[in-house]
Amino acid sequence: MYAIDHLDVPPLHSAGGTVRLPGSKSISNRVLLLAALSVGYTDIADLLDSDDTRVMLAALAQLGCRIEPQADGALRVHGLGGALPVKQAQLFLGNAGTAMRPLTAALALLASVHGGAFELSGIARMHERPIGDLVDALRQLGCPVDCLGQDGYPPLRLGNGTPQTLALDQPIRVRGDVSSQFLTALLLALPLVATNRAPTLGTGVSSQPPEGTVPSWGGPATGRDIVIEVVGELISRPYIEITLNLLERFSVSVRRDGWQRFTIPAGCRYTSPGRIPVEGDASSASYFIALGALASPTPGSDGITIEGVGLSSIQGDIRFVEAARLMGADISGEANRLHIRRGAWPLKAIDLDCNHIPDAAMTLAVMALFADGPSTLRNIASWRVKETDRIAAMATECRKFGALVEEGADFIRITPPSSWTTGSIHTYDDHRVAMCFSLAAFNPAGLPVRIEDPKCVAKTFPDYFETLFEVCQTPAQAIPVICIDGPTASGKGTLASEVAQRLGYQLLDSGALYRATALAAQDAGVDLDDEPGLARLAAQLPLAFRDHKVFLGGRDITDPLRLESTGGMASRVSQHLAVRSALHALQLSFRRLPGLVADGRDMGTVIFPDAPLKVYLTASAEQRAQRRHKQLISKGIAANIDSLLADLKMRDHRDSSRAHAPLKPAEDALLLDNSELGIEQSVQQVLNWWQGKTVFSET
Ligand SMILES: Nc1ncnc2c1ncn2[C@@H]1O[C@H](COP(=O)(O)OP(=O)(O)OP(=O)(O)O)[C@@H](O)[C@H]1O
Ligand SMILES: Nc1ccn([C@@H]2O[C@H](COP(=O)(O)O)[C@@H](O)[C@H]2O)c(=O)n1
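These figures come from a predicted structure and were not determined experimentally. (Residues numbered from 1 in each chain as written. Chains lettered and ligands numbered in written order. Predicted model: local features only at pLDDT ≥ 70, side-chain atom pairs only at ≥ 80, totals over all residues.)

### A look at the overall build of the chain
Short version of the rule: Put simply, DSSP H or I for four residues or longer makes a helix, DSSP E for two residues or longer makes a strand, and each gets a number counted from the N terminus. Neighbour counting defines burial: a residue surrounded by 20 or more other C-beta atoms within 10 Å of its own C-beta is buried, one with 12 or fewer is exposed, and intermediate counts give partly exposed, using backbone-placed C-beta atoms. By definition, residues are in contact whenever their C-beta atoms, placed on the basis of the backbone, come within 7 Å of each other.
Secondary structure assignment for the chain yields 22 helices and 34 strands. For the chain, the spread of C-alpha atoms along the three principal axes comes to 90 × 60 × 45 Å. Counting every position in the chain, which comprises 699 residues, the buried fraction comes to 51%. Long-range pairs, those at least 24 residues apart, make up 77% of the contacts in the chain with a sequence separation of at least 6.

### Let's talk about the site of ligand 1
Formally: Residues are classed as near a molecule or strand if the C-beta position derived from their backbone is within 6 Å of it. When residues are grouped by polarity, Ala, Val, Leu, Ile, Met, Phe, Trp, Tyr, Cys and Pro land in nonpolar, Asp, Glu, Lys and Arg in charged, and all others, Gly among them, in polar.
The local shell around ligand 1 holds 17 residues, among which G491, G493, T494, R627 and Q631 are the closest. Secondary-structure elements contributing two or more residues to the shell around ligand 1 are helix 13 (492-503), helix 20 (621-634) and helix 22 (679-693). For the shell around ligand 1, a count of residues per class yields 3 nonpolar, 11 polar and 3 charged.

### Topic: the sheet that holds strand 12 (residues 226-231)
Hydrogen bonding along the main chain pairs the strands of a sheet, whether they run parallel or antiparallel. Stated precisely, the cut-off is as follows: We call two strands paired when DSSP finds no fewer than two bridges between them. Angles shown run from 0 to 180 degrees and are taken between the N-to-C directions of axes, each axis being a line fitted to C-alpha atoms and, for helices, limited to the stretch in contact.
Spatially, 11-12-14-13 is the arrangement adopted by the 4 strands of the open sheet, whose pairing is mixed. The strands lining the two open edges of the sheet, one partner per strand, are strand 11 (172-175) and strand 13 (255-257). Geometrically, the sheet is characterised by an average inter-axis angle of 20° between neighbouring strands, direction not taken into account. Here strand 13 pairs with strand 14 (residues 261-264) via 3 bridges, running antiparallel. Residue pairing across strands places R255 opposite T263, the latter belonging to strand 14. Contacts from helix 5 (residues 181-189) reach strand 11, strand 12 and strand 14 within the one sheet, and its direction differs from that of strand 11 by about 150°.

### Considering the pairing of strand 12
Residue alternation in strand 12 divides its side chains into a buried set, I226, I228 and V230, and an unburied set, V227, E229 and V231. Across 4 bridges, the pairing between strand 11 and strand 12 is parallel. Residue V174 lies in a different strand from strand 12, and its bridge partner there is V230. In this structure, strand 12 lies alongside strand 14, joined through 4 bridges in antiparallel fashion. By the bridge assignment, V227 is partnered in strand 14 with T263.

### Side note on the site of ligand 2
Of all residues adjacent to ligand 2, which total 14 residues, the nearest are G511, Y514, S571, S574 and G600. Among the secondary structure elements, those contributing two or more residues to the shell around ligand 2 are helix 14 (510-524), helix 17 (564-573) and helix 21 (641-657). The element best represented in the shell around ligand 2 is helix 14, accounting for 4 residues. Of the residues assigned to the shell around ligand 2, the class counts are 2 nonpolar, 7 polar and 5 charged.

### Brief notes about the confidence of the model for the chain
This is how the line gets drawn: pLDDT is defined as a per-residue confidence score from the predictor, taking values between 0 and 100.
Overall, the predicted model of the chain reaches an average pLDDT of 93, with 96% of residues at or above 70. Every residue in residues 198-207 scores below 50 in pLDDT, and together they form 31 contacts with partners more than four places removed in sequence or on other chains. Of the two predicted TM-score estimates for the complex, the pTM is 0.87 and the ipTM is 0.98.

### Points about the nonpolar core
Stated precisely, the cut-off is as follows: A set of buried residues qualifies as a nonpolar core if it consists of Ala, Val, Leu, Ile, Met, Phe, Trp, Tyr and Cys joined through C-beta atoms within 7 Å.
I289, M367 and L439 are the most contacted members of the largest nonpolar core, which has 80 residues in total. Of all the elements, helix 7 (residues 282-294) adds the most residues to this core, at 9 residues. Excluding its chain neighbours within four sequence positions, the residues that come into contact with L439 are Y287, A290, L291, L294 and V366.

### Considerations on the pairing of strand 30 (residues 549-552)
The side-chain alternation of strand 30 yields one buried face, formed by V550 and L552, and one unburied face, formed by K549 and F551. Two strands pair when backbone bridges link them, and strand 29 (residues 543-546) and strand 30 are joined in this way by 4 bridges, in the antiparallel orientation. Opposite L543, over in strand 30, you have L552 as the bridge partner. Joining the antiparallel neighbours strand 29 and strand 30 is a turn of 2 residues, in which D547 adopts a positive phi near 45°.

### Describing the UniProt feature "binding site: 3-phosphoshikimate" (unreviewed entry) in the chain
For clarity, the cut-off: UniProt positions are given in the numbering used here, feature names are shortened, and annotations may be inferred rather than shown by experiment.
The residues that UniProt annotates with the feature "binding site: 3-phosphoshikimate" (unreviewed entry) are K25, S26, R30, S179, S180, Q181, S236, D359 and K386. As for its placement among the helices and strands, Q181 is situated in helix 5. Those residues in contact with Q181 that sit more than four places away from it in its chain are G97 and R101. As for its placement among the helices and strands, S236 is situated in the loop between strand 12 and helix 6 (237-249). Ignoring anything within four residues of it in the chain, the contact list for S236 reads S180, N355, P358 and S382.

### Examining the domain arrangement of the chain
Inclusion rule: By convention here, the domain bounds are inherited from an automatic or database domain assignment.
Looking at the assigned domains, one finds that the chain contains domain 1 (6-22 + 280-473), domain 2 (25-211 + 218-277) and domain 3 (476-693). Distance between the C-alpha centres of domain 2 and domain 3: 57 Å.

### Thoughts on the environment of T618
Within the secondary structure layout, T618 lies in strand 33 (residues 613-618). Taking C-alpha positions, T618 is 7.4 Å from S675, a pair spaced 57 residues apart along the chain. Ignoring any residue separated from it by four or fewer positions in sequence, one finds T618 in contact with G486, P487, S490 and D673.

### A short note on the packing of helix 14 against helix 17
Relative placement of two packed helices is described by the angle separating their axes and the distance separating the axes. We apply this condition: For classification, angles of less than 35 degrees are called roughly parallel, those exceeding 145 degrees roughly antiparallel, those between 65 and 115 degrees roughly perpendicular, and all remaining angles oblique.
Viewed as axis vectors pointing N to C, helix 14 and helix 17 meet at an angle of 95°, and their least axial separation amounts to 8 Å. Of the possible angle classes, the one that applies to helix 14 and helix 17 is roughly perpendicular. Of the residues in helix 17, those touching helix 14 at G511, Y514, R515, T517, A518, L519 and A521 are T566, G567, M569, A570 and V573. Considered class by class, the residues forming the contact of helix 14 with helix 17 number 7 nonpolar, 4 polar and 1 charged.

Written as C-alpha cells, this is what we have:
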C-alpha cells in the first residue's frame, strides 16, 4: 500500500495481463456477521483484508467471538449461536457502513432480548452519514436506541441493560429510498428473534453440529413470521439480493413479495454452511474492466483478464459489465472470470440509470472523460451520503481534467475535455475516488495524474495501485527517475531510500550490484583483474532483493555486502568496461512504475541520462569519514577514523579517475553539499526540487 502523501501516476499507455481481485467488501462483512451469529464455526476463504473488514473483525472479537486463522488461509469464526457473552461494549467502526448498519440492528435486538448495552461510533464522516431510518425501525420494535450526537446519526447507544418485550407481530416498516443497507441490517438481524427457543449452546460455540443433526437451540420450534415492509421505492436492490443469497447459505430462506415485503419465517435459525468462499469484489472489478476498455492492449497480451469474479457473481455491481459494454468495451467471461478488450474507441457516450450499480457507476464517470460526447449518470442520489458527497466530489475532480460537468440532486453529466489538463486529485478519504481517477492517466495528452492520500484505498483494496501498475505499461521515458550520484559515504543510499519511500518509487542501489559481483567473484575464486571472468559473473548474478535483505544464489549477503572491504573490492570490479556493460540492462530494468530513485556514481551520466532530476551529493571527506565511522561503530564493527578517511579518499580517487563512467556530476545535475545538512533537510531539498519539476508545481 502507498502510505504516502500523494502518488504521481505517470502517463499510462497500454495494459494487459491478469489480475486477481481481493474479496468483496459487501460479502465479507455480511458473511463475518452471519458466521458470528450462527450455530457452529464457519471457515471463510478469500475474505477481504481491508480497513472495513478489520473494524468488523475487531468488533466481533470484542463481542466475544473467537476468530482463528487457518493454515489454508481461511479465517475460522466460531459462531455465538444467538447468545450474547459480552453484554456491554463500545465499538469503533471507522467509516464502515457495512459494519455500522448491520451491527446496529443485530446488537439492538440482542441487547433487547438478553439485556445489554452497546455504544457504536466511527470517524467524523460516519457521524454525518444518516442512520435515522434504521433507528426508527428499531424503535418501532421496542428496542431502546439513543443517538448520542445529532438525532438520526451515529454515535448510537443500543439497549439499556434490561430485557425488553419486542413488538414483532406487526410488520416492521423501514424506508428503502435512502440506503438499502437499512433493510439489509434488518434482514440480517431479525432471524435472531424469529424463534422463541433460547439458544442453549452458551458462549463461543466452537464445535460443528454433527452432520445430519439439528443444532441444539433447545425447545420446539415456535415463534412467528416476521414481516418487513419497505416504505418508498427500494434503491440498490442488487445489494438486497446479496443479502438474501447469503441468508440462504446460512439456512434462512426469506420470502420476498416484490421489493416491498419480506417475510422471515418462524422458527428459522442461522446455521453455519461450514465453509464459504468470498467472491472477488465486483465494484473493484470495475476499475480493471474500465482499464481494459480504455487502454490499448499491450503488444503480445490479449487485454485484461480478471479472476475471482465473473458472470455468475451474486454481486449487483457485476452489471457494470453491461454499462461498460454500452460504452463500447469488448467483454466476455465465465462463471468466475472476465476478459476485457478495447472495443469502440473513443468510448461511446451513455445516458444511464445507475441506481442498480451505485458504487461501480463512479468508474463510468471517469470512462465518460474518454467518450465521444456528454454522458449522463442518473438516479444516483445515494452518492450524496456515501464516504463523501460523491456527486460533488466527482464533479469537482472531473473538471480538473478540463471536462464540463453539470450536477443535480441525483445526476451528473460529464462532457469530455476538448483539451486535456491535469490536476492533483483530492480523494476525500474515499477509496473509490482514488481508484477511479487513476485511470485518467490514460489521457491522450500524456499527462501524469496526482492522487492525494492514496492510502485511502485501504478501505477495500489496499494493493490497488500495485495491482494496477503490474498490468499497465508505458514507455520507459515516461517513467520518472531521480538520480543521486556522489562519492562514498555522502549519504546517497540514505537519501535515495527516503525519497523513494516518500514518493512511492522503486529504489536502485546500483553500488550493491558491483558489491555483489565482487562477492560472487570472491566465492568463485575469480581474480578482480579478470575482466571477462567478472563480466560473466555480472551478466548472470543470481541476485534477489526480498524483505529488506539481499540474497546471492539463495545466500543472505545483506551484511557482507555492506562491509568496507566489499566496497573496496566493488570499486576495483567497477573499473572494467565489460562488467559495467554486463550490469547495464539490469539497472535499466529497475525503471518501473510509478518511478525510480537510483543511487550510484553514473546514474545521471550514463544509465539514466534522460532523468528529469539529477542530484550530485557531496560532503567533505572528513564529514563522510566521521559518518561512516559512526555508522560502523553503531553496528558493533570496530573502525578507525584515520584509516576510513584514507580508504574513502583512495576509493573516491579510483572512482573518479577511471576510464569508464567515472564519478562526476552530470552536466545538468544539481549540487547538494550536505556537510552542514541533516538527513531530513537533504530529503526536503530533493523533494522540493522534484516538486518544481512536476506539472503539479502550481497546485
Ligand atoms: N545529511 C546527513 N547528515 C548526517 N549523517 C548522514 C547524512 N546523510 C547520511 N548520513 C549518514 O551517513 C552514513 C553513510 O550514509 P550512506 O550509507 O547513505 O552513504 P552512501 O553515500 O550511500 O555510501 P556508499 O556509497 O558507500 O554506499 C549513514 O550512517 C547515514 O545515516
Ligand atoms: N553506479 C555505480 C555504483 C557503484 N559503483 C562502484 O561500486 C562501489 C561500491 O558502491 P557503493 O555506492 O555501494 O559504495 C563504488 O565505490 C564504485 O566503485 C560504480 O562504479 N557505479
